[in-house]
Structures are given as structure tokens and as C-alpha cells.
Protein chains: 2
Amino acid sequence: MRAEILSIGSELVSGQNLDTNSRWLSQQLGMLGVTVAYHTTLGDEMDDHLEAFRTAVGRAGLVLMTGGLGPTQDDLTREALALCAGVQLVEDAASLAAIAAIFERRNRPMADRNRVQAMFPEGAEPLPNPIGTAPGIWMKIGGAWVAAMPGVPSEMRRMFDDEVVPRLRGLGLGGRHIIHRKINLFGRGESDIERDAMDLTARGRIPEVGITASEATISFRITGSGETEEEAIRQAEPTAATIYERFGPMIVGEGTADVADGLFAELARTGATIATAESCTGGLIARMITAISGVSPYYLGGAVTYSNASKTTMLGVPTERIEAHGAVSPEVAAAMAEGIRNRLGATIGISTTGVAGPTGGTPEKPVGLVYLGLATADGTETRRLDLGIERPRDFIQIFSAKSALNWARLVLREV
Amino acid sequence: MRAEILSIGSELVSGQNLDTNSRWLSQQLGMLGVTVAYHTTLGDEMDDHLEAFRTAVGRAGLVLMTGGLGPTQDDLTREALALCAGVQLVEDAASLAAIAAIFERRNRPMADRNRVQAMFPEGAEPLPNPIGTAPGIWMKIGGAWVAAMPGVPSEMRRMFDDEVVPRLRGLGLGGRHIIHRKINLFGRGESDIERDAMDLTARGRIPEVGITASEATISFRITGSGETEEEAIRQAEPTAATIYERFGPMIVGEGTADVADGLFAELARTGATIATAESCTGGLIARMITAISGVSPYYLGGAVTYSNASKTTMLGVPTERIEAHGAVSPEVAAAMAEGIRNRLGATIGISTTGVAGPTGGTPEKPVGLVYLGLATADGTETRRLDLGIERPRDFIQIFSAKSALNWARLVLREV
């Protein structure tokens with residue numbers, strides 16, 4: 001059985017508010033082993049309700065909807081469900097009493113228009129709402145089971161957990177368990193990685209593997225399923241092992257872990273310390289490191305040397321070197337990494353200097369040209385990145401910062 | 001003409017990632033006066049593509065889609081559009097050359113798989129993508145105009161602005177003009193500001209005013225409309241003037257401008273320079289400043305002094321002072337701000353030291369306790385923030401960073 005999720009509200013389809021209910025419901029259904037085929041968002045128009053409801057019950061076996069159950073004229077879900085099923089709306093005495101009781105508890109008079117919230121399509125089952133005035137609706141239309149829930153996220157979540165999940169189990173759904181593993185890589189492009197993973201991402205393979213990219217970090221996503229959670233985990237395991245074997249050094253972590261977390265793991269493992277000297281990344285490397293709680297024993301500190309004078313004052317980069325080679329040069333990157341390492345007594349010093357753009361590029365030193373430096377007790381190395389003049393400033397800064405963090409991670413990995 | 005927006009990707013329909021493209025496109029179409037009737041999200045299955053594409057072109061006059069234009073096996077948009085229109089896919093030489101040029105600029109070999117990104121349904125118009133390898137597609141299917149754009153938000157937005165909007169104007173859309181003005185404030189809580197703006201946010205008021213909050217910055221959003229853009233702007237103007245009059249010093253800027261942009265404006269106006277010394281914000285202040293292009297004449301640099309020793313080495317904070325008062329103290333915040341100001345010769349030095357949590361708090365110095373320092377030629381002041389032990393690390397870092405930036409902005413405002 002496949003599901004469709006409808007979210008109802010003009011404020012959503014107009015872009016005024018962002019719909020987060022559909023995502024949450026997709027995650028919950030995924031964990032129950034129900035595949036979600038579509039999300040549809042629609043506004044407060046009756047014709048659009050009928051069109052979207054009929055489309056949904058025609059192509060999905062389970063339709064979850066949120067919103068449109070309030071007491072105002074904009075709230076059309078009840079009526080549209082009745083029209084769609086070809087039945088009348090009838091008042092449910094128990095629901096009316098429950099709504100009245102909520103107003104009583106809040107010491108407020110119940111407005112007359114709230115009565116409409118106790119109206120249900122004939123034959124539908126009311127879903128109690130212990131924390132709000134809008135009860136939900138459970139019914140069958142054609143071949144599809146339909147659950148209508150309030151749009152308020154807290155009410156929707158509680159009703160889904162308490163009322164909808166037991167009914168899904170009653171339909172024999174939710175017997176299957178699904179788990180996801182997200183393995184994150186840095187250091188090569190998405191299409192490069194895809195080429196080396198064609199066997200894993202092939203359509204129809206079990207377990208299924210997808211590839212996504214976010215801020216220059218590439219992720220494999222393995223979906224394992226089974227009769228039990230353990231079985232689902234076991235199903236994903238060999239594929240995860242293959243990814244680790246094939247992409248080993250590029251893997252920075254799982255779940256939400258990004259390059260800085262991968263570096264943190266190596267710092268904690270080796271006991272090494274790190275210090276940062278940033279020009280074009282302007283504090284982003286420091287920010288990525290210090291967003292991690294518990295990193296303070298390993299991160300000594302850093303300098304953001306945006307001006308030439310600050311490179312000299314804070315890092316001891318010789319003025320002549322900046323004059324001879326320019327601030328964006330391997331020579332200055334090396335002196336910056338050495339400077340911060342020596343001043344703070346760190347195991348590793350890393351540095352960036354480059355042209356983040358969109359202005360400041362020259363034919364010799366275009367936007368996207370970045371030098372990284374890395375200093376250890378064994379000496380200092382530099383690397384050159386050519387990220388392309390068409391790249392936005394933000395990408396150049398993020399990619400450069402992650403490249404420097406990743407370089408340090410790989411160096412520590414060999415320790 | 002009504003529009004439908006499709007977002008394509010199994011990571012979206014499964015709930016792994018949150019779709020934000022549809023909302024942005026709805027907002028843009030709204031400003032052009034085009035009503036969006038539906039959003040539909042679908043996964044990477046060919047049958048679902050055909051079902052959703054056919055439904056959309058059957059019920060909408062304009063269909064915007066994002067995603068599925070990458071080089072991998074999961075990317076089905078091109079093929080599905082061709083099937084839906086009943087035409088072949090043909091290679092476009094100019095698009096292929098543009099893709100090859102991007103790889104060349106990045107000094108990386110073009111993978112064979114990327115060739116597929118130059119394939120278009122016969123008769124379709126390629127939409128150039130100057131910042132990525134996936135060109136977009138513009139075509140007509142039945143009675144509907146269709147624009148397919150990449151899923152990467154930065155690429156999608158640029159392509160919409162540069163390529164899709166002119167084509168929509170060519171279709172005679174955008175007759176009614178809607179404009180939004182977003183005025184951003186920092187320094188007081190959302191409910192405080194709301195209480196002082198009840199007359200502006202009243203339902204039914206023209207122009208409409210909403211209040212939103214994001215990362216401790218509060219925004220008023222005014223929606224003006226009219227037959228012409230000038231008329232829409234004129235409608236919003238008196239309301240904007242009222243907000244400026246009532247909230248004056250708290251206003252940091254409009255649109256995407258945040259506290260750092262407000263500071264940048266004051267730096268540029270006064271010609272002052274600034275330097276930063278960060279402990280608990282760990283480079284976030286530097287990052288917020290250097291995310292702004294053109295800031296380099298005014299931002300000299302900064303230190304991220306995460307360890308006690310680095311506070312002494314990089315900023316000259318006396319060891320005895322740290323021992324006597326602790327690193328989280330007004331005395332150390334003052335010495336940090338003075339230290340960075342003196343070392344870099346800046347007009348203003350700002351500093352932060354505090355407990356960002358979730359660990360590291362004590363009864364005397366709990367999580368959420370932060371001291372800010374601000375040093376000028378007139379002397380040095382400190383401020384204490386008590387953000388509350390229940391606040392997440394990220395909030396404490398962001399609020400502290402913005403508070404320091406805002407303090408410097410307000411000081412310069414008086415110059």
C-alpha cells in the first residue's frame with residue numbers, strides 16, 4: 001500500500017508558511033514500512049479540495065491530510081470529504097460534548113461556530129483531540145483509507161500517534177520496520193562518486209541506496225527493511241560495509257556528522273590539538289569546529305586575519321612575503337599555518353587565503369582561487385583550489401573551509 | 001492562469017529532507033500576481049513522474065518543477081517530460097559545450113554521465129545554468145507551460161530570476177504587482193514587539209503586516225499590491241514609515257539584511273574599523289561579518305581564543321586576571337576587547353566569553369551566562385547576558401554573536 005499526504009491551507013500553497021507536517025508524517029510512515037508516493041499542498045478553495053481529494057483516493061491506498069478542520073469559513077475539509085464520499089454531514093454528540101468541555105476547562109464561552117467541528121461525514125469515525133477543539137476524521141472513500149487531522153503540529157502529532165497508528169496496525173500495516181543509514185563523504189564530486197557506486201545505486205537493488213549532496217558534502221542513504229528493527233539493521237549492514245571499504249578515507253561520519261565532526265573524532269582519538277588561521281573563510285572554519293560541543297580540549301583557537309597587517313601582527317607573516325607574493329599565495333598560506341601553530345603550540349595549524357568574490361578577482365588571481373596551508377612538526381604543505389569564478393561567495397567559503405578541515409582529518413587519520 | 005509546483009526527489013517525499021523550493025517559488029509567483037493552486041512532491045519513480053506530470057499539465061496553466069536534472073540514474077525529469085510530451089530526447093550542442101566548460105574551469109574531467117544533462121525533449125528550450133552543470137528546460141505540454149529547474153536552491157533561484165521570469169512576462173503574466181518589504185529588528189523579543197504593533201498586524205488591515213522571527217532577529221513583513229509596481233510600493237510606504245518611526249534604533253536593515261549588515265552600513269558610513277575577540281561564539285561573529293562581500297576595508301580581523309592560553313598569547317589577557325576571575329567574567333571580556341582593539345589598531349574591539357553548553361555550566365556560571373566586551377578610544381564596557389540553561393548551544397552562540405554586533409552598531413549609530 002502506498003500513501004499520499006495532503007496539507008491544506010492557503011498560507012502554505014502561497015508560500016507564506018512552510019509545511020513541515022508532511023515531512024514528519026512521511027518519516028513516521030517510513031518507519032512503519034509504508035511508502036509515501038506523493039505530498040500535495042492545496043489552498044482553501046472547494047474546487048481544489050475536490051480535485052486533490054479525488055486524485056489522492058484514486059492513486060493511493062492511504063491518504064493522510066492535515067488542516068482545514070477549524071471552525072472558520074476557510075475550513076473546508078469536513079465538507080469536501082462528505083462531497084467526495086457522496087454522504088451527508090451529521091453531528092456527533094460525543095465530539096460536541098468534548099469540544100464544549102475544552103472551552104469549559106479554558107474558562108471561555110464556546111462560540112456558536114465551533115459546533116461545526118462536531119460535524120462528520122456519515123459513517124466516518126471521529127478521532128478524539130485531547131489538546132484542541134478540532135477532532136479528526138477516519139473513513140474509507142473508494143479503495144482508500146483516509147485520516148484527516150488538524151494542521152497544528154502538536155495536535156496532529158498526538159492524534160497520529162494515539163489514533164491513526166493503531167488503526168494502521170489494524171489494517172495490517174506497520175508490521176514492517178524500516179531503518180535509514182546516512183553515510184557522509186567529502187573530497188570528490190557527486191558524479192564521480194556516483195560512477196564508483198553504480199552497482200549500489202542500481203534501481204531495484206535491495207537494500208536501496210541513494211546519493212545526495214549538501215554544501216559540498218555527499219551522502220549515501222541506505223534504506224534497510226525487515227520484520228523487526230534488528231532485521232532491518234542487518235539488511236543494511238553489508239551495503240554499509242561495502243561503502244566503508246570502497247570509500248574509506250573519504251567518509252567523515254554518519255547521520256548529521258559533517259567534515260568538522262570527522263576531524264573532531266580524529267582529534268579525540270589521537271589527542272592532537274589544532275589551531276586555525278583564516279583569511280578568505282573569515283572564521284567559518286572556527287565556527288564549524290566550535291559548533292561541536294566538547295571540542296575545547298582539542299581546539300586551541302584561531303586568527304581571522306582579514307587585513308594584510310593582521311596577518312603580520314597576529315601570525316607573524318613577514319611583510320616582505322606578502323609584498324613579494326601577494327596575500328593570496330602559497331607562501332602566505334604556509335606562513336599563516338606555521339604562525340598559528342607556533343603561537344598556540346598546536347599539533348596542527350591550518351590556514352586559508354583566497355578570493356571568495358564576487359569582487360576582488362584579477363586575471364592572475366581570479367575569484368575561486370584559494371590556497372590552503374597545513375603545518376605540523378614534520379613541516380608545512382600548501383594546496384591550491386580552483387573553484388571557478390562562477391561560484392557564489394558562500395560556496396567558495398564553505399568548500400574551502402571543509403577542504404582545510406578534511407585535509408587535517410586525513411593527516412590525523414594516518415597517525 | 002493558475003500554477004502548480006512540483007518538487008522531485010525521494011529524499012523529499014520520504015521525509016529525509018525538507019522541501020523549501022516550493023515555498024520560495026510560491027512567494028515569487030505571488031509577487032508576479034500568479035496564484036499557485038498546488039504543490040506536489042514525488043519520488044524518483046518513472047510511473048510517479050508520469051502520473052504527477054500529467055495531472056499537473058491537466059489542471060494548471062503553468063507548471064514549475066525542481067529536481068531530477070542531475071547526471072545520475074535517479075534523475076528522471078528529462079525522460080519523463082519527453083514521454084509526457086510524446087517526443088524524443090535530443091542532444092543540445094550548446095548545452096553540452098557549456099557543461100564541458102564548467103568542468104574545464106574547475107580543472108576536473110567531465111564524467112561521461114554528465115553528457116545526459118545536455119539531452120532535451122525535442123522542441124524544448126534549454127535554460128542556461130551559469131553556476132551548475134544542470135541546464136533547465138522550458139517547453140509546452142498540452143495547454144500548460146512547463147519550466148524544469150535544478151533542485152539545488154541557489155541554482156534554481158538564479159535560473160528562475162534570469163530565465164523563467166522573462167518568459168512569464170512574455171506570456172503576459174505578472175499583470176498585478178505584489179511587493180513585500182521585510183524590515184528586520186534586533187534587540188527585543190517577538191511578543192514585546194508584537195504588543196507594540198497590534199494596530200499594524202490587525203487582520204484585514206491594508207497593507208497586510210506580519211511578524212516572524214528567525215535566529216533571534218524579528219521581521220515585519222509588509223505586503224503591498226497595485227496595478228503597477230510603483231502603486232504597490234506606494235501602498236506599503238506609509239506603513240514602513242510608521243515602523244521606522246516607532247522602532248528606529250532597533251531596525252538593522254531590510255530584506256535579507258541582518259545585524260551584521262546593519263553594522264556594515266554603520267562602518268561604511270563612519271569609516272570606522274572593527275576587530276573581534278571570541279571565546280564562546282567561536283568564530284561566529286567573524287563569520288557573520290565576513291559573509292558580507294565588500295567588508296574587508298572595515299573588518300581588520302579577529303581572534304578565536306577558545307583556550308585560556310590563547311587569550312593570553314593572542315590578546316594579551318593577563319594570566320592572573322583569568323586565574324582571579326575565571327575566563328567567563330567581565331574582567332576577561334574587557335581585556336579581550338581591549339587586546340584585539342590594540343593589536344589590530346581598530347576603532348572598536350568587541351568580545352564574547354561565556355558558557356554555550358550543553359556541558360561546562362556550574363551553579364555560579366551556568367549555561368547561558370555570557371559576557372560581552374566593547375572597547376573604543378573612550379574606554380571599555382562590558383555587558384552580561386543570561387540566556388537560560390535550557391537554551392540550545394546554537395541559540396546561545398547566535399544570540400551572543402548578534403548581541404555583540406548590535407552593540408557595536410548602536411555605538412557607531414551615535415557617531
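Keep in mind it's a predicted model, so treat the numbers as computed, not measured. (Residues numbered from 1 in each chain as written. Chains lettered and ligands numbered in written order. Predicted model: local features only at pLDDT ≥ 70, side-chain atom pairs only at ≥ 80, totals over all residues.)

**Notes on the sheet that holds strand S17 (residues 379-386) of chain A**
Point 1. With respect to topology, 10 strands assemble into an open sheet ordered S17(A)-S16(A)-S15(A)-S13(A)-S14(A)-S14(B)-S13(B)-S15(B)-S16(B)-S17(B), the strand pairing being mixed. Strand pairing shows two members of the sheet lacking a second neighbour, S17 of chain A together with strand S17 (379-386) of chain B, which therefore form its edges. Between one strand axis and the next, the sheet turns through 15° on average, direction left out of account.
Point 2. Here strand S16 (residues 369-376) of chain B pairs with S17 of chain B via 8 bridges, running antiparallel. When the sheet's bridge partners are listed, glycine 373 of chain B is paired in S17 of chain B with threonine 382 of chain B.
Point 3. Seen against the sheet, helix H12 (residues 308-315) of chain A touches strand S13 (274-278) and strand S14 (299-304) of chain A together with strand S14 (299-304) of chain B and runs at an angle of roughly 30° to S14 of chain B.
Point 4. Docked against the sheet, helix H12 (residues 308-315) of chain B engages S14 of chain A together with strand S13 (274-278) and S14 of chain B, running at close to 30° with respect to S14 of chain A. (Pairing = 2+ DSSP bridges. Helix = DSSP H or I, 4+ residues; strand = E, 2+ residues; numbered from the N terminus. Axes fitted to C-alpha atoms, helices over the stretch in contact; angles between N-to-C directions. Contact = placed C-beta atoms within 7 Å.)

**Some words on the sheet that holds strand S12 (residues 251-254) of chain A**
Residues and elements named next belong to chain A.
Point 1. As summarised here, the arrangement of the 4 strands in space is S10-S11-S9-S12, forming an open sheet in which the pairing is antiparallel. Two strands close off the open sheet at either side, each with one partner strand: strand S10 (208-214) and S12. Sheet twist, expressed as the average angle between the axes of neighbouring strands with direction ignored, equals 25°.
Point 2. As judged from the 3 bridges shared by strand S9 (residues 177-185) and S12, these two strands associate in the antiparallel manner. Each bridged residue has a counterpart across the sheet, and for asparagine 184 the counterpart in S12 is glycine 253.
Point 3. Strands in contact with helix H10 (residues 259-270) are strand S11 (217-226) and S12; relative to S12, the strand with the most contacts, it is inclined by about 95°.

**Focus: the interface of chain A and chain B**
Point 1. In this complex, chain A contributes 65 residues to the contact, which on the side of chain B involves 66 residues.
Point 2. The biggest single contributor to the side of chain A that touches chain B is strand S2 (residues 35-42) of chain A, with 7 residues.
Point 3. Class assignment for the residues of the side of chain A that touches chain B results in 20 nonpolar, 30 polar and 15 charged. (Nonpolar A, V, L, I, M, F, W, Y, C, P; charged D, E, K, R; others polar.)

**Thoughts on the domain arrangement of chain A**
Point 1. Parsing chain A into structural domains produces domain 1 (2-170), domain 2 (177-254) and domain 3 (259-413).
Point 2. Measuring from the centre of the C-alpha atoms in domain 1 of chain A to the corresponding centre in domain 3 of chain A gives 53 Å. (Domains from an automatic or database assignment.)

**Concerning the pairing of strand S9 (residues 177-185) of chain B**
Point 1. Bridge count for S9 of chain B against strand S11 (residues 217-226) of chain B is 9 bridges, and the pairing is antiparallel. Residue asparagine 184 of chain B lies in a different strand from S11 of chain B, and its bridge partner there is serine 219 of chain B.

**A word on the nonpolar core**
Point 1. Ala408 of chain A together with Ala408 of chain B are the most contacted members of the largest nonpolar core, which has 134 residues in total.
Point 2. Other than its neighbours up to four places away in sequence, alanine 408 of chain B contacts Leu263, Ile274, Ile348, Ile350 and Leu374 of chain B.
Point 3. With 91 residues, the next largest nonpolar core counts Ala124 of chain A together with Val57, Ala124 and Met159 of chain B among its residues. (Core = buried A, V, L, I, M, F, W, Y, C linked by C-beta atoms within 7 Å. Buried ≥ 20, exposed ≤ 12 C-beta atoms within 10 Å, placed from the backbone.)

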